Amino acid sequence: MRITIAGTGYVGLVAAVCLAVRGHDVVAVDREEIVRGLKEGKPGIWEPGLDKLLAEAIGSGRLAFGTDIARAAVHADALMIAVGTPSLADGSADMRQLRAAFGELMRARVCPKLVIVKSTVPIGTCEEWGTILRREGFDTEVAYNPEFMRQGSAIRDFLEPARIVLGCDSPAAAERLRRLYAAWNAPIHLCGRRSAEMIKYASNAFLATKLSFANMMADLCEGYGADIRDVVAGIGFDKRIGGDYMQAGVGYGGSCLPKDLQALQAAGRAVGCPLPLLDAAKQVNDRRIPALFDKLLAAWEELPRSGKRLTVFGLSFKPNTGDLREAPALAFLSMCLTHGIDVCAYDPVVRSIPLPGVQLASDPYEAAAASDAVAIMTEWPQLAALDWHRIASAMRTPVVLDGRNALPKDAIVRLLAASGARYVPTGHPASALRPTPALAGNM
Ligand SMILES: NC(=O)c1ccc[n+]([C@@H]2O[C@H](COP(=O)([O-])OP(=O)(O)OC[C@H]3O[C@@H](n4cnc5c(N)ncnc54)[C@H](O)[C@@H]3O)[C@@H](O)[C@H]2O)c1
């Protein structure tokens, strides 16, 4: 099929590349400065394997880039919309990018028979735009096809999804959508557009709630000397619960969970439907960074408060991405700066951050030297493999806050072998040197 995609961020670019390698002819559209790099095979985002697959898709002649949606969509069988839908101040979704995309099409009097919305949008959006387009004389159906990819494994998630949700209200649209995914080997869940829109929000709200549950239990484990990793592994055997997405840590972040949870809360308010479970999930998450800060101060209890230096390891909201949107590390760094703590950070891929006052180091050992604490905020596997004895020995006060339980037993043993070293884990007693269970890769 000939597909035009509006937006080449994480979702749009991964979709464009994957649809092209699976045999569709794709033209992806974005702003001039973004498209310039893409034409040279340079993705503007860091996602494992994307540069290689982008080169392959461009080389096959099935992926091109442009800046004009209407021109790109003239001969398209379908237009896929993957623009951003960030939060407004009241938590509801900011629909300006989506409105701008539809506006460009309507002004140019161009619209393919099928528009597939991939962006996460409020319930009723596709119906509303379908009605507007029909009223304007377009013979177009607006369908909803939510995206469930996880940054860090986005390509595999797109090519091998757990399910494909297709929200549409006509057999003709359903048939076109099925053709789009004919080369995919995944269960197809066909439903109405409002249900499909709700599925996306409900998925993210559930995942956020699950993480907050694990974090709440982690606090209780600390109070009672239990180990959250053992607790999660133990309850995870029950298929009704499952151990995925239950890693205790510094809280969820990223461009989706916080925003989508808030959008669903706003949706509840709009129809007078209270959603107390979601309010609680957000409340638990909002407490993670202040609670980590309290742990830091507790670790420094015996020391003079002034002149302290903290190093943060890991800036992105999760490993294998360079994305800093709603990254807990940034919130922690801000809090430390506000309290007059000198801060420095190291991340394997992030090379700049929007926080003046934070020194960014390119070497983890240099970053940690002469620090009074290291806080692990992202469980990059590279961090676990560092020489933790060397790190602790070079620190002024060898305190390591493991906000993600990222260090394996041998790393902790080496760390504690340094004189005066202290290890502060999450949700289990510092004294219990147990290997981290294999729960990685669930974020
Ligand atoms: N990032 C994820 O992991 C993920 C996963 C599932 C769903 N989503 C949802 O998908 C949507 C996109 O997310 P993202 O992370 O890719 O966003 P993003 O901000 O990375 O990308 C959006 C892109 O759209 C472009 N754009 C905006 N208006 C445009 C227009 N009129 N024409 C062409 N391009 C335009 C922007 O320049 C930008 O490059 C959001 O609704 C998000 O909630 C994201």
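Please read these numbers as outputs of a predicted model, since none were measured by experiment.

Asker: How would you summarise the domain arrangement of the protein chain if you had to cite specific residues and measurements?
Answerer: As assigned here, the protein chain comprises domain 1 (2–191) and domain 2 (227–443). One C-alpha centre belongs to domain 1, the other to domain 2; they are set 34 Å apart. Opposite the 15 residues of domain 1 that make contact, domain 2 presents 20 residues. When domain 1 packs against domain 2, close to 1,200 Å² is buried across both sides, 50% of that on carbon and sulfur atoms. For the domain 1 face of the interface with domain 2, the top three residues by lost area are Trp46, Arg150 and Gln151, together amounting to 42%. Counting across the domain 1 and domain 2 interface gives zero salt bridges. The tally of links from domain 1 across to domain 2 stands at six residue pairs in polar contact (both at pLDDT 80 or more).

Asker: Would you mind going over the pairing of strand E12 (residues 373–376) in detail, with residue names and values included?
Answerer: The alternating pattern of E12 places Ala373 and Ala375 and Val374 and Ile376 on opposite faces, both of which are buried. Pairing between strand E9 (residues 309–313) and E12: four bridges, direction parallel. Bridge pairing in E12 places Phe313 opposite Ile376. Of the strand pairs in this sheet, E12 and strand E13 (residues 399–402) are connected by three bridges, and their pairing is parallel. The residue bridging Val374 from the neighbouring strand is Val400, located in E13.

Asker: Which residues make up the side chain of Thr209, and what values go with them?
Answerer: Within the secondary structure layout, Thr209 lies in helix H9 (residues 193–224). Other than its neighbours up to four places away in sequence, Thr209 contacts Leu277, Leu278 and Ala281.

Asker: Kindly report on the site of the ligand, identifying the contributing residues and their values.
Answerer: Near the ligand you find 26 residues, and of these Val11, Asp30, Thr85, Gln151 and Lys259 are the closest. In this structure, an oxygen atom belonging to the ligand sits 2.9 Å away from a main-chain N or O atom of Thr120. A distance of 2.8 Å is found between a nitrogen atom of the ligand and a side-chain nitrogen or oxygen belonging to Gln151. If the ligand stood free it would expose 840 Å²; the protein chains cover 88% of that surface. Mapped onto the shell around the ligand, the elements with two or more residues apiece are helix H1 (10–21) and helix H5 (96–108). Tallying contributions element by element places H5 first for the shell around the ligand, with three residues. Here the shell around the ligand is built from residues that sort into 10 nonpolar, nine polar and seven charged.

Asker: Go over the pattern of salt bridges with me, naming the residues and quoting the values.
Answerer: Proximity of charged atoms lets side chains of opposite charge pair with each other. Summed over the entire model, instances satisfying the criterion amount to 22 salt bridges. Among the salt bridges present, the one from Glu127 reaches Arg194, with a minimum N-O distance of 2.9 Å. Residue Glu127 is located in helix H6 (residues 125–135), and its partner Arg194 is located in helix H9; the two are separated by 67 residues in the primary sequence. Looking at Glu127, the relative accessible area reads 27%, which means it is partly exposed. Under the relative-accessibility criterion, Arg194 is labelled partly exposed at 42%. A salt bridge links Glu379 to Arg404; its shortest N-O distance comes to 3.6 Å. Pair noted here: Glu379 is in the loop between E12 and helix H16 (381–384) and Arg404 is in the loop between E13 and helix H18 (409–416), with a separation of 25 residues, a long-range link.

Asker: Describe the side chain of Lys200, and please don't skip the residues or the numbers.
Answerer: As for its position among the elements, Lys200 is in helix H9. One buried charged residue, Lys200, remains without a salt bridge, the closest side chain of opposite sign being Asp260 at 4.9 Å. With sequence-adjacent residues up to four places away left out, Lys200 is seen in contact with Thr120, Tyr144, Pro146, Glu147, Phe148 and Asp260.

Asker: So, the packing of aromatic side chains: which residues are in play, and what are the values?
Answerer: In total, this model carries six aromatic pairs according to the counting rule given. Ring centres of Trp46 and Trp380 lie 6.1 Å apart, and the angle between their planes is 65 degrees; this geometry places the pair in the edge-to-face category. Of this pair, Trp46 sits in the loop between helix H2 (32–39) and helix H3 (50–59) while Trp380 sits in the loop between E12 and H16, and the two are 334 residues apart along the sequence. Looking at Trp46, the relative accessible area reads 39%, which means it is partly exposed. For the ring pair Phe102 and Trp129, a centre distance of 4.3 Å and an interplane angle of 10 degrees mean the geometry is stacked. Placement of Phe102 in helix H5 and of Trp129 in helix H6 is noted, with a sequence separation of 27 residues between them. Pair check on accessibility: Phe102 and Trp129 agree, each one buried. Within the aromatic cluster, the residues linked to one another by ring pairs are Phe158, Tyr181 and Trp184. Across the ring face of Trp184, the terminal group of Arg22 is positioned such that the distance to the ring centre comes to 4.7 Å.

Definitions and cut-offs
Residues numbered from 1 in each chain as written. Predicted model: local features only at pLDDT ≥ 70, side-chain atom pairs only at ≥ 80, totals over all residues. Heavy atoms only, no water. Domains from an automatic or database assignment. Contact = heavy atoms within 4.5 Å. Buried area = accessible area lost by both parts, 1.4 Å probe. Salt bridge = Lys/Arg side-chain N within 4 Å of Asp/Glu carboxyl O. Polar contact = N/O pair within 3.5 Å; in protein donor to acceptor, adjacent residues only side chain to side chain. Buried < 20%, exposed > 50% of the residue type's maximum accessible area, 1.4 Å probe, protein only. Helix = DSSP H or I, 4+ residues; strand = E, 2+ residues; numbered from the N terminus. Pairing = 2+ DSSP bridges. Near = heavy atom within 4 Å. Areas by Shrake-Rupley, 256 points an atom, 1.4 Å probe, with all protein chains shown as cover. Nonpolar A, V, L, I, M, F, W, Y, C, P; charged D, E, K, R; others polar. Lys, Arg positive; Asp, Glu negative; His and termini not counted. Phe/Tyr/Trp six-rings, centres within 6.5 Å; stacked < 30°, edge-to-face > 60°. Lys NZ or Arg CZ within 6 Å of the ring centre and 35° of its normal.

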